[in-house]
Amino acid sequence: MSVVRLKGGTVYDPANNVNGERRDIAFRDGRIVELPAHAPADREYDATGMIVMAGGIDMHSHIGGGKTNLSRLLLPEDHRDDTARESASESAQDAAGRYLRLPSCGVCTPGTLATGYRYAEMGYTAAFEPAMMPSNARHTHLEMGDTPIIDHGAYVMLGNDELFLQMLAARDDFARLRDYIGWTIHASKALGVKVVNPGGISAFKFNQRSLDVDEAHAHYGVTPRDVLHTLTRALTELRVPHPLHVHASNLGVPGNIDSTIATMDAADGLPIHLTHIQFHSYGVEGPHKFSSGAQRIAEAVNARPNVSIDVGQIIFGQTVTASGDTMMQFRNTPLARPHKWVLGDIECDAGCGVVPFRYREQSYVNALQWIIGLEIFLLVDDPWRVAMTTDHPNGGPFTSYPHLIRLLMDKTFRDEQLAKLHPDAPVASALPDLKREFSLYDIAIITRAGPARLLGLRDRGHLGAGAAADIAVYRDDADRERMFTSPAYVFKDGELVARDGTLVAAPTGGIHFVAPEFDRSIEKTLRAYSETKLATRFDHAAISDDEVCDCCRGGRLLPVACLA
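In this report, we go over the structure that sits alongside the text. (Residues numbered from 1 in each chain as written. Predicted model: local features only at pLDDT ≥ 70, side-chain atom pairs only at ≥ 80, totals over all residues. Heavy atoms only, no water.)

1. Remarks on the pairing of strand S23 (residues 511-514)
Condition: The buried label applies to any residue whose accessible area, calculated with a 1.4 Å probe on protein chains only, is under 20% of its type's maximum; exposed applies above 50%, and partly exposed to all values in between. Secondary structure elements follow DSSP: runs of H or I of four or more residues count as helices, runs of E of two or more count as strands, with numbering from the N terminus. Criterion used throughout: strands pair if DSSP finds at least two bridges between them.
In S23, alternate side chains face the same way, and those of Ile511 and Phe513 on one face and His512 and Val514 on the other are all buried. Pairing of S23 with strand S24 (residues 557-560), which is carried by 4 bridges, proceeds in the parallel orientation. Within the sheet, the bridge partner assigned to His512 lies in S24 and is Leu558.

Written out as structure tokens, the structure is:
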């Protein structure tokens, strides 16, 4: 079998404590191997002076499922404009390498093909859909399977579904709730569980317009704390590697800092992951009654080793917000730009709200949101518990990651951008005084090694022997945005897929999922509920290994081991 060697690169591999060492990386049959320096290789790439990292991993990116498709449908002008931009900027030289983009486009929410291409072209080799509804799981897997090159997986949504809330309200035996959660993960071929506004999506259907952590659901009488405690305990007992993925209560509401910290504590010390935490870090101080809570949130994260986060950084410009949080999205409909929106629900599983939005530098609120995200990055001590996200597309498109990396690594550039904002925003923040600059080692943690560890992906996110040969090679450049936009080489499972930011191959990615053990007797309860309440037949609920492989166009099944 052919052996490939990357020669002389400067390697950043935090999972193996490699910090800027010059060394060769060799791989064979899609896996990294130990290869003596004198041993021959069938092919060599000269990486001298270049930066070598594992392929990027985006642990929270809306790339599949109902609301992602609705986001694409809601902004046809975004797709038309993107096609025009591509045609205007394309030279004859790179037209051949980019012809595959023609049937798929869009900036805010690119089509499935463009999503895979653009991730790969900037050195990412995996992305994970964070909001898969059980009743919509096949659709989600089909869309992710239509996304080329990158590996994928999804977190299934629980905590607002009627059966879960009924069982919780009836004080049903915890073991039965745990088995229901285990069965749902199994049936939907999920990698983990996400809860959005715990209990709040359901409460909105009973005309509650907000639900704080210890506030009772108007119909079921349970609180978000009850939901969080049950789900975190269940996932711990099921030994699912990824902690409960939480979209906390009161997203976007000034003064939501207290409920965010209360959400952390609702886990009672068990692992919990708070997603797009920037949207949950707002105070009410100052003349605008809207202030940064980043320092308190960072202190809370620093003091709680069981808590991990991703940031959900906003990026200025047009995007579209897509969330299962119908309570929050209904509140935001007057802010839609352009003014159109969609709200929906499927089988009382959860919710769906799609609202286009434009983040503006001269908006005090938007400017402070931008500041808060950066403050959280810079104030949390442990980069292993912070993942880099924009909550694509809610805070901005994933294609803005190189820009975000430059903001984190270059204080001078950060200060230049800060000076362009609404003048009241920098005054109300600590960002001007934060001198921290992320190193390449830090970037490798928050974009590769850290997400892999949080998801339980033992053979991804690092460059040790036996790891998947998912590798990004960057030309070292003081302009980190330019550097991370167009890698010199990107390999997926050992195959060269992009060169200098241009696509050269589009293989099929694999699917990561977890298969926890649970008591199958819970299926009797699920069947009875399905036959009396749902439109779909219970016999068709679970997705088999063969079917998910078909959904993913023959992509490899990549089961993730449960914790010991």
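2. What to know about the pattern of salt bridges
What counts, and what does not: Each salt bridge in this description consists of a side-chain nitrogen of Lys or Arg and a carboxyl oxygen of Asp or Glu lying within 4 Å of one another.
According to the stated counting rule, one finds 36 salt bridges in the structure shown. As a salt-bridge pair, Lys205 and Asp345 come within 2.9 Å of each other at their nearest N and O atoms. Linking Lys205 in the loop between helix H8 (200-204) and helix H9 (224-238) with Asp345 in the loop between strand S16 (342-344) and strand S17 (352-359), this pair joins segments that are 140 residues apart in sequence. Asp493 is the partner of Arg556 in a salt bridge, and the nearest nitrogen-oxygen pair spans 3.4 Å. One end of the pair, Arg556, is in the loop between helix H20 (545-551) and S24; the other, Asp493, is in the loop between strand S20 (489-492) and strand S21 (495-499), and 63 residues separate them in sequence. On the basis of relative accessible area, Asp493 is assigned to the partly exposed category, the value being 23%. In the salt-bridge network here, residues are joined through shared partners; they are Arg31, Asp151, Asp459, Arg460, Asp470, Lys492, Asp493 and Arg556.

3. Side note on helix H15 (residues 411-418)
As a reminder of what qualifies: What the arc covers is the set of directions going from the helix axis to the C-beta atoms. Residue contacts follow a heavy-atom distance rule, with two residues in contact if any of their heavy atoms lie within 4.5 Å. Here a polar contact is recorded for every N or O atom pair within 3.5 Å, except that within protein the pair must consist of a potential hydrogen donor and a potential acceptor, and residues adjacent in sequence are included only if both atoms are side-chain atoms.
Buried within H15 are the following residues: Lys411, Phe413, Arg414, Gln417 and Leu418. Along the axis of H15, the buried residues cluster in a sector spanning 160°; they form a single face. Against helix H13 (364-379), helix H14 (401-409), helix H16 (424-427) and helix H18 (480-485) lie the buried residues of H15. Taking the backbone nitrogen of Thr412 as reference, a side-chain oxygen 3.1 Å away marks Asp410 as the first, capping residue of H15.

4. Looking at the packing of aromatic side chains
Selection criterion: Each Phe, Tyr or Trp ring (for Trp, its six-membered ring) is paired with any other whose centre lies within 6.5 Å, and the angle between the two planes then decides the class: stacked below 30 degrees, edge-to-face above 60, tilted in between. Sitting over a ring, as applied to charges here, requires NZ of Lys or CZ of Arg to be within 6 Å of the ring centre and within 35 degrees of the ring normal.
By the definition in use, this model includes 15 aromatic pairs. Aromatic pair Tyr282 and Phe290: ring centres 4.7 Å apart, planes at 55°, arrangement tilted. A residue is classified by how much of its surface remains accessible, and Phe290, at 5% relative accessible area, is buried. Taking 4.8 Å as the distance between ring centres and 65° as the angle between the ring planes, the aromatic pair formed by Phe357 and Tyr359 counts as edge-to-face. Using a relative accessible area of 17% as the deciding quantity, one classes Phe357 as buried. By the ring-pair criterion, three or more aromatic residues cluster together here, those being Phe27, Tyr45, Tyr489 and Phe491. Above the plane of the ring of Phe513 lies Lys189, whose end atom (NZ or CZ) is 5.7 Å from the centre. In this structure, Arg448 packs its charged tip against the face of Tyr124, placed 5.8 Å from the ring centre.

5. Some remarks on the environment of Ile272
Secondary-structure assignment places Ile272 in strand S11 (residues 272-274). Using a relative accessible area of 0% as the deciding quantity, one classes Ile272 as buried. Distance from Ile272 to Asn256, taken between C-alpha atoms, is 18 Å for residues 16 residues apart in sequence. Apart from the residues within four sequence positions on either side, Ile272 is in contact with Thr232, Pro243, Leu244, Val246, Thr263, Met264, Ala267, Asn306, Val307 and Ser308.

6. Considering the packing of helix H6 (residues 162-169) against helix H7 (residues 174-188)
The criterion, for reference: Orientation is described by lines fitted to C-alpha atoms, with helices fitted over the stretch in contact, and by angles between N-to-C directions that extend from 0 to 180 degrees. We call two directions roughly parallel when the angle between them is under 35 degrees, roughly antiparallel when it is over 145, roughly perpendicular when it lies between 65 and 115, and oblique otherwise. Only Asp, Glu, Lys and Arg are considered charged, only Ala, Val, Leu, Ile, Met, Phe, Trp, Tyr, Cys and Pro nonpolar, and every remaining residue, Gly among them, polar.
Where H6 contacts H7, the two axes come as close as 10 Å, and the packing angle between them is 170°. In terms of their interaxial angle, H6 and H7 are classed as roughly antiparallel. Taking contact as the criterion, the partners of Leu163, Phe164, Met167 and Leu168 in H6 are, on H7, Arg176, Leu177, Tyr180 and Ile181. For the contact of H6 with H7, the residue count by class is 7 nonpolar, no polar and 1 charged.

7. Here's the deal with unusual backbone geometry
Following Arg337, the chain continues to Pro338 via a peptide bond in cis, the omega torsion being 0°. Each neighbour pair has its own omega, and for His392 with Pro393 the value is 0°, a cis peptide bond. Structurally, Pro393 is set in the loop between strand S18 (386-387) and H14. With a phi close to 55°, Lys289 is a non-glycine residue in the positive phi region. Mapped onto the elements, Lys289 comes out in the loop between strand S12 (282-283) and strand S13 (291-292). When its relative accessible area of 57% is taken as the criterion, Lys289 is described as exposed. Its identity is not glycine, yet Asp391 carries a phi of approximately 55°, on the positive side. Looking at the secondary structure, you find Asp391 in the loop between S18 and H14.

8. Describing the packing of H6 against helix H19 (residues 522-533)
Quick reminder of the rule: By convention the crossing between two helices is left-handed if the near helix lies anticlockwise of the far one by an angle smaller than a right angle, and right-handed if it lies clockwise.
At a minimum axis separation of 11 Å, H6 and H19 run at an interaxial angle of 120°. Read as a crossing pair, H6 and H19 show a hand that is right-handed. Contacts between H6 and H19 involve Glu162, Leu163, Gln166 and Met167 from the former and Ile522, Leu526 and Tyr529 from the latter.

9. Here's the deal with H13
Cut-off, in case you're wondering: To estimate the expected span of a helix, count its residues, drop one, and scale the result by 1.5 Å.
End to end, H13 covers 22 Å across 16 residues, agreeing with the expected 22 Å (1.5 Å per residue, within 8%). The buried count for H13 comes to 15 of 16 residues, which makes it a mostly enclosed element.

10. A word on the environment of Lys492
Secondary-structure assignment places Lys492 in strand S20. Judged by relative accessible area, Lys492 falls into the buried class, the value being 3%. Considered as a pair, Lys492 and Gly30 are 462 residues apart in the sequence and their alpha carbons are 7.8 Å apart. Those residues in contact with Lys492 that sit more than four places away from it in its chain are Thr125, Ile149, Asp151, Arg460, Ala469, Asp470 and Val497. Here the side chain of Lys492 touches Asp493 through a polar contact of 2.9 Å, side chain to side chain.

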